[in-house]
Amino acid sequence: MTAAPVITSAASAASTASTMGNAAVHRVGDGNASSGDDAAPVSTDEYTPSGAPVRPVAPPTGDTGALTDTPPSTLAANSPAPVAWPGGASVSTADGSNVFGEDLSGLHQAGGVMWAAQNNGRLWRLIPNGSGGWKPDTVGGWASGKPLRFPSGSGAPDSEGVTLTGSGAAGGVFVSSERNSGSSGTSRLSVLRYDVSGSGTTLTATKEWNLTSDLPSVGSNLGFEGVTWIPDDYLVGAGFADASTGAAYNPGGYGAHTGGVFFLGVEGTGMIYGYVLQDSGAFTRIAAISGGMAGVMELQWEPQGLRLWAVCDNTCNGQHRTLKVDTSGTFAVTAVYNRPTGMPNYNNEGFSLAGADECVNGFKPVYWADDANDGGHALRRGTVTC
Ligand SMILES: [Ca+2]
Ligand SMILES: [Ca+2]
Ligand SMILES: [Ca+2]
């Protein structure tokens, strides 16, 4: 919220109905997310001099879209200036034509397997196609991906993100979901664990952590978009601060919990939340981080670079950011990258990086998942320095 100017003329509040002498309160942001250094939505409310609310003041209408406000330069200085993509400028398709259709939205590469979440409630297990891209595994019932279900065996999670823990696929595949597609108007911000060892053609979650009541409310299709897992070893070594205790993060203070912390990106606010998800089903929020972008569509922990990638889709012109734990124990933005100049502004909702084992001559592959399946392709490959 910014200072409240006194209305000195009827026109100054963008409406002829304002009362002279009243205060116009100009609010920046949505009231939940921390202010970043990007433009934020604004709203204005009129109050009497004694503080009684009068009415919201309708913004001017026209062809410029929603009003936004750019914070002062002191805020902008908190994040680095955007720089060119740290890798090849060109990208190429990395899947067959129209293999997936729309809604491919989350990626996680684990060596020779790419896990892909499709937000129509489907999980794919992909293997190398021999030409630098990926194709569906045809064994184990994976040929067309597997439909996902909630623990009850019913429903269809709006599955936008996918990750593994340090135990690999044997420890379960973890999917972030923002709602049950059968109840599309209701938020259900959940992390779901799936046992992928069987050959059945449907996957029923073996655990659900429903975090909805622990988080600010968002639109039902503006919830969890990205998920990643960061090992306790890194967080402890970096002096990560646990916001729930106010002290340094101590994994031993929690019950059995996969040996790491899940970080979840919220599309509607651009916020990133850190959660300890215990095997028992209990959960604790230990971090709330502003990614500084209008939205977060993917999160990816990069073990080689010891950095957290946050990715926004075409809403932010495909901006990528990296974050690391700073000396105060909180994740801070260390770099802001524009998308590769050779890649159009696709609706990229998924992003993954190859491991250090694929780092050759200073470059390794990265992949994007395009929710809109532009040109009949949902996967693209580029490179990043390593
Ligand atoms: Ca999506
Ligand atoms: Ca969705
Ligand atoms: Ca996503």
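What you see as residue numbers is a count from 1 along each chain, following the sequence as written. To label them, take the chains in the order written and letter them from A, then take the ligands in the order written and number them from 1. Only residues with pLDDT of at least 70 are given local features in this predicted model, and only at 80 or more are side-chain atom pairs given and counted; all residues enter the totals for whole chains, interfaces and linings.

(A) Highlighting the overall build of the protein chain. Within the protein chain one finds two helices and 28 strands. Burial is judged by counting other C-beta atoms within 10 Å of a residue's own C-beta: 20 or more means buried, 12 or fewer means exposed, and anything between counts as partly exposed, with every C-beta placed from the backbone. Across the 386 residues of the protein chain, 44% fall into the buried class. Once C-beta atoms have been placed from the backbone, residue pairs whose C-beta atoms lie within 7 Å are recorded as contacts. Restricting to contacts in the protein chain with at least 6 residues of sequence separation, those with at least 24 account for 57%. Helix and strand definitions here come from DSSP, where helices need a minimum of 4 consecutive H or I residues and strands a minimum of 2 consecutive E residues; each element is numbered from the N-terminal end.

(B) The arrangement of the sheet that holds strand E21 (residues 283-290) in detail. In this analysis, strands are considered paired if DSSP registers two or more bridges between them. The strand order across the open sheet formed by four strands is E16-E19-E20-E21, and the pairing between neighbours is antiparallel. Single-partner strands in this sheet number two, and they are strand E16 (224-231) and E21. Neighbour-to-neighbour, the strand axes of this sheet turn through a mean angle of 25 degrees, independent of strand direction. Here seven bridges tie E16 to strand E19 (residues 260-266), and the two strands are oriented antiparallel to one another. Residue pairing across strands places Trp229 opposite Phe262, the latter belonging to E19. Axes, fitted as lines to C-alpha atoms, cover a helix only where it is in contact. Angles between the N-to-C directions of the axes lie from 0 to 180 degrees.

(C) Looking closely at the environment of Cys316. Within the fold, Cys316 resides in the loop between strand E23 (307-311) and strand E24 (320-325). Classification of Cys316 as buried rests on a count of 22 C-beta atoms within 10 Å. Each C-alpha atom, one on Cys316 and one on Gly295, is 7.6 Å from the other, the two residues being 21 residues apart in sequence. Contacts of Cys316, omitting those with residues within four sequence positions, involve Met293, Ala294 and Gly295.

(D) Quick peek at the confidence of the model for the protein chain. pLDDT is a residue-level measure of predictor confidence that goes from 0 to 100. Of all residues in the protein chain, 81% attain a pLDDT of 70 or more, and the chain-wide mean is 88. In this model, residues 8-15 is a region of pLDDT below 50 whose contacts with residues beyond four sequence positions or in other chains number 15 contacts. Within the model, the stretch residues 70-77 combines pLDDT values under 50 with seven contacts to residues more than four positions away or in other chains.

(E) Up close: the pairing of strand E28 (residues 379-385). Summarising burial for E28: six of the seven residues are buried, a large majority. Note: strand E5 (residues 92-93) against E28, two bridges, orientation antiparallel. Note that in E28 the partner of Thr93 across the bridge is Arg380. In this structure, strand E27 (residues 363-370) lies alongside E28, joined through seven bridges in antiparallel fashion.

(F) Examining the pairing of strand E12 (residues 173-180) more closely. The buried fraction of E12 amounts to eight of the eight residues, a majority that puts the element mostly inside the structure. For strand E11 (residues 157-163) and E12, the ladder comprises five bridges, and the chain directions are antiparallel. Residue pairing in the sheet places Gly161 in a bridge with Ser176 of E12. In this sheet, strand E13 (residues 187-194) lies alongside E12 in antiparallel orientation, the contact comprising six bridges. By the bridge assignment, Ser176 is partnered in E13 with Val191.

(G) Spatial organisation of unusual backbone geometry. The phi torsion at Thr258 lies on the positive side, around 70 degrees, for a residue other than glycine. Secondary-structure assignment places Thr258 in the loop between strand E18 (247-248) and E19. Even without glycine at this site, Asn361 takes up a positive phi of about 55 degrees. Within the secondary structure, Asn361 is located in the loop between strand E26 (348-353) and E27.

(H) Up close: the nonpolar core. Counting residues in each nonpolar core, the largest one holds 80 residues, and the members touching the most others are Ala116 and Leu123. It is strand E20 (residues 271-277) that provides the largest number of residues to this core, a total of six residues. Setting aside residues up to four positions removed in sequence, Ala116 forms contacts with Leu104, Gly106, Leu107, Trp124, Leu126, Val162 and Ala369. Buried Ala, Val, Leu, Ile, Met, Phe, Trp, Tyr and Cys residues whose C-beta atoms connect them within 7 Å together make up a nonpolar core.

(I) Representation of the sheet that holds E24 in the model. A sheet is described by the order of its strands in space; here four strands give the open sequence E22-E23-E24-E25, paired in antiparallel fashion. Two strands bound the open sheet, and with one partner strand each, they are strand E22 (298-302) and strand E25 (331-337). When strand polarity is set aside, the average angle formed by the axes of neighbouring strands in this sheet is 25 degrees. When E23 meets E24, the two strands line up antiparallel, connected through four bridges.

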